[in-house]
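Next come the chains, spelled out residue by residue.
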Amino acid sequence: METNQRMRPYFYLIALLSTIVLWTSCRKDFEYAPSAGNLEFSRDTVFLDTIFSNIGSSTYSLKVYNPTRDDVLIPSIRLGQGQESDYRLNVDGMAGKEFTDVSLLAQDSLFIFVETTFDISNTNETSFLYTDAILFDSGSFLQEVQLVTLVKDAVFLFPGTLSDGTTETITVGLDADGREIKVEGFYLLDNQLNFSDEKPYVIYGYAAVPADRQLIIDSGVRVHFHKDSGIYVADGAAIQVNGALSEDPTLLENEVIFEGDRLEPEFSDTPGQWGTIWLGPGSNNNLIDYLTIKNATVGLLVEGDGVLQSTTLTLNNAQVHNSANINLWAKSASIISENTILGNAGSTSLYCNLGGRYTFAHATIANYWTEGFREGAALQIDNFSQVLSADLTEASFINCIVDGNMTLELFLNSNGTNAFNFSFKNCLVKFKDDNGQFAQNPLYDFENADIYEEVLLNPDPDFLNTGSNDFRIGELSAAKDTGDLEAALTVPFDIRGSNRTLDPDIGAYESITPD
């Protein structure tokens with residue numbers, strides 16, 4: 001009897017649930033009120049940022065809210081230009097450009113996703129503001145959300161498709177077994193060897209400069225690289241980047257910029273978006289002035305010819321930062337550099353690898369990488385690899401900053417057999433060997449004036465904003481007024497054109513007073 005009494009409430013509950021199920025199953029449909037123009041939106045305008053002509057945009061979202069207590073039926077959701085629109089919609093999982101009788105439950109929401117691809121050749125412009133609108137309902141209940149996209153025309157360079165359907169490739173070297181290393185790419189034609197600032201360039205694969213040719217890039221040019229793309233300068237070829245000092249340091253209107261082809265703001269500082277600028281062995285007398293390289297895998301890969309009778313690269317007033325691996329990787333190369341900034345990188349800012357000859361004046365080599373664990377020091381120098389070795393004829397640093405967010409930002413590694421000649425003069429160097437790990441290593445004898453002359457060890461450079469690769473120095477910087485004057489007179493202006501012929505500062509920048 002007690003058991004039956006305890007079970008009685010459960011029988012009532014089951015009966016009630018059964019009644020509800022029967023009632024709902026007999027109901028033929030939910031009742032929807034017509035939309036009355038009172039929808040709400042997550043934004044009134046969807047900006048799809050900047051895209052290149054004929055290249056699809058990223059997907060952007062719009063959230064539509066029903067703030068009422070009634071389930072509503074939206075008679076129509078459509079693009080203002082209808083089927084002729086170059087925008088594309090996806091409404092609650094359905095793709096199209098026009099939708100009818102879209103239901104939205106009370107105090108609920110739905111997502112609309114927006115994309116576009118636009119052919120700017122339909123206009124006479126090099127950049128075009130393309131607009132449309134998403135229209136909800138009509139008549140007195142009409143509501144709109146605007147769509148805005150800036151479309152840029154560009155010069156597109158890409159490898160061809162071979163008769164067997166594969167993509168054209170180029171040879172960039174030999175592996176350890178003597179087999180050819182090939183990458184997707186193509187050789188630039190003679191009429192493609194001068195990049196002008198009329199339009200930006202978008203490169204797919206590796207654009208190769210053939211032997212006995214020179215790629216000339218004018219001031220103000222913007223080059224965008226697709227994933228795993230870059231420029232390869234072959235044996236006997238050269239590149240000349242003719243950037244210039246800009247009047248507006250925020251716009252860099254005269255500077256040349258190499259970066260990825262994703263123009264959305266969220267990709268502006270994403271490392272590893274493209275490959276590298278690769279100066280192959282035998283490519284000599286390359287000249288780069290006022291160039292910014294950002295978000296590559298390796299910013300600049302410079303391979304010397306092993307002879308070093310000619311300068312592989314003259315690099316002035318350049319910035320390389322936010323590379324996923326190394327900003328400037330020089331292998332048995334000869335480099336002369338002034339006013340260069342080698343900033344944050346996933347491993348090393350400057351790697352002088354397998355010997356070579358290097359002269360850096362007024363360089364800022366600073367690695368404050370925060371995207372993950374970093375093994376490499378800001379500056380690494382060696383004269384051997386696992387299977388090869390070569391003389392380090394010279395590695396001279398004068399009026400340079402070597403700094404970062406690790407305790408040891410200088411790494412020197414000699415095989416003890418080949419020449420290993422290096423020197424630092426009037427440099428700021430971060431090397432906090434708190435455990436005495438390198439105390440007996442003569443390469444780090446900072447009291448030896450033959451290799452370390454007037455070196456400032458571990459002071460504060462007072463950078464403005466290391467997270468955004470802003471390595472300008474403030475008035476409190478230890479680098480202020482401590483540069484070697486004789487060397488500064490050979491580089492009389494800093495990277496922004498400020499005079500440094502009186503009490504010069506160390507690094508690429510003269511100090512400023514922050515706003």
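Every chain's residues receive numbers from 1 upward, in the order its sequence appears when written. Reporting of local features is limited, given that this is a predicted model, to residues whose pLDDT is at least 70; pairs of side-chain atoms are given and counted only at 80 or more, and all residues count toward the totals for whole chains, interfaces and linings. Think of the side-chain values as coming from all heavy atoms in the structure, minus any hydrogens and water.

## Details of the overall build of the chain
Regarding its fold elements, the chain presents two helices and 42 strands. A compact globule built from 515 residues would reach a C-alpha radius of gyration of about 24 Å, whereas the chain, at 31 Å, exceeds it by more than 25%. Based on the C-alpha atoms only, the size of the chain along its principal axes is roughly 95 × 70 × 55 Å. Burial status follows relative accessibility: with a 1.4 Å probe on protein chains alone, a residue under 20% of its type maximum counts as buried, one over 50% as exposed, and anything between as partly exposed. Counting the 515 residues in the chain, one finds 47% classified as buried. For the purposes of this entry, the term helix denotes a DSSP run of H or I that reaches at least four residues, the term strand denotes a run of E that reaches at least two, and both are numbered from the N terminus. Every radius of gyration here is taken over C-alpha atoms, with the globule rule written as 2.2 Å times N^0.38, N being the number of residues.

## Observations concerning the sheet that holds strand S6 (residues 87–91)
Think of it this way: DSSP has to see at least two bridges between two strands before they count as a pair. The five strands lie next to each other as S2-S4-S9-S6-S7, forming an open sheet whose pairing is antiparallel. The outermost strands of the open sheet, each flanked by one partner alone, are strand S2 (40–41) and strand S7 (94–96). Sheet topology places S6 next to strand S9 (residues 109–116); five bridges connect them, and they run antiparallel. Pairing of Leu89 across the sheet is with Val114, part of S9.

## Regarding the side chain of Arg374
Looking at the secondary structure, you find Arg374 in the loop between strand S32 (364–367) and strand S33 (379–382). Residue classification places Arg374 among the buried positions, given a relative accessible area of 5%. Polar side-chain contacts of Arg374 include one of 2.8 Å to the backbone oxygen of Gly376. In the analysis that follows, any N or O atom pair within 3.5 Å is treated as a polar contact, provided that within protein one partner can donate a hydrogen and the other can accept it, and provided that, for residues neighboring in sequence, both atoms belong to side chains. Reaching out from Arg374, the side chain makes a polar contact with the side chain of Glu409 at a distance of 2.8 Å. Look past the residues within four positions of Arg374 in its chain and what remains in contact with it is Ala345, Gly346, Ser347, Asn367, Trp369, Asn405, Met406 and Glu409. Throughout, a contact is declared for two residues whenever any of their heavy atoms are within 4.5 Å.

## Some details on the nonpolar core
Core analysis: the largest hydrophobic core is formed by 67 residues, its most contacted members being Phe258, Phe397 and Phe424. For Phe258, the residues in contact, after removing those within four places along its chain, are Ile217, Val223, Phe225, Ile231, Trp274, Ile277, Leu291, Thr292, Ile293 and Lys294. Put simply, a nonpolar core is a bunch of buried Ala, Val, Leu, Ile, Met, Phe, Trp, Tyr and Cys residues held in one set by side-chain atoms that sit within 4.5 Å of each other. One finds Leu39, Tyr60, Tyr87 and Val91 within the second-largest nonpolar core, a separate group that totals 28 residues.

## Here's the deal with the packing of aromatic side chains
Between rings of Phe, Tyr and Trp, where Trp is taken as its six-membered ring, a pair exists when centres lie within 6.5 Å; planes separated by under 30 degrees are stacked, by over 60 edge-to-face, and by other angles tilted. A complete count under the given rule lists 25 aromatic pairs for this structure. When the centroid spacing of 5.3 Å and the interplanar angle of 90° are considered together, the rings of Tyr232 and Trp278 count as edge-to-face. Here Tyr232, found in strand S20 (residues 230–233), pairs with Trp278, found in strand S23 (residues 277–279); they are 46 residues apart in sequence, far enough to count as distant. Geometrically, the ring pair formed by Phe420 and Phe422 is edge-to-face, given 5.7 Å between the ring centres and 65° between the ring planes.

## Quick look at the layout of surface pockets
Estimates place the volume of the largest pocket at around 1100 Å³. In terms of lining residues, the largest pocket is bounded by 47 residues, among which Thr250, Leu251, Leu252, Ile257 and Lys294 are the most central. Contributions of two or more residues to the lining of the largest pocket are made by strand S3 (45–52), strand S19 (222–225), strand S22 (256–260), strand S25 (291–294), strand S28 (319–321) and strand S42 (470–473). Per-element accounting of the lining of the largest pocket gives the leading share, three residues, to S22. Put simply, Ala, Val, Leu, Ile, Met, Phe, Trp, Tyr, Cys and Pro go in the nonpolar bin, Asp, Glu, Lys and Arg in the charged bin, and everything else, Gly too, in the polar bin. Here the residues of the lining of the largest pocket sort into 14 nonpolar, 17 polar and 16 charged. Any residue with an atom within 4 Å of a point lines the site, the site being either a cavity, points on a 1 Å grid over the protein atoms alone where a 1.4 Å probe fits but cannot get out, or a pocket, an open set with protein on both sides within 12 Å along at least 5 of 7 lines. Grid points are joined across faces, edges and corners, and a volume is the space filled by probe spheres set on the points.

## Points about the pattern of salt bridges
Whenever a carboxyl oxygen of Asp or Glu lies within 4 Å of a side-chain nitrogen of Lys or Arg, that contact is scored as a salt bridge. Per the stated rule, a full pass over the model turns up 14 salt bridges. When the shortest N-O distance is used, the salt bridge between Asp175 and Arg179 registers 3.1 Å. In this structure, a network of salt bridges that share partners links the residues Asp175, Asp177 and Arg179.

## Here we look at unusual backbone geometry
Despite not being glycine, Asp92 has its phi angle at roughly 50°, a positive value. Tracing the backbone shows Asp92 in the loop between S6 and S7. Here Asp462, not a glycine, exhibits a phi torsion of approximately 55°, which is positive. Relative to the elements of secondary structure, Asp462 occurs in the loop between strand S40 (456–457) and strand S41 (463–465). We classify Asp462 as partly exposed; its relative accessible area is 22%.

## Structural notes on the confidence of the model for the chain
Taken residue by residue, the chain gives an average pLDDT of 93. The fraction at 70 or more is 94%. The predictor rates its confidence in each residue with pLDDT, a number between 0 and 100. For residues 13–29, every residue scores under 50 in pLDDT, and the model assigns this stretch zero contacts once sequence neighbours within four places are set aside.

## Focus: the pairing of S42
Burial of S42 is two-sided: the residues Asp470 and Arg472 facing one way and the residues Phe471 and Ile473 facing the other way are all buried. Connecting S41 to the next strand, S42, in antiparallel fashion are four residues, including Asn469 with a positive phi near 55°.

## Here we look at the pairing of strand S31 (residues 348–361)
In terms of burial, S31 is a largely internal element, twelve of the 14 residues being buried. Relative to S33, S31 runs parallel, the two being bridged by three bridges. Looking at S33, one finds that Cys352 is bridged to Ile381. Relative to strand S34 (residues 392–398), S31 is paired through six bridges, and the arrangement is parallel. Bridge pairing in S34 links Tyr358 to Ala395.

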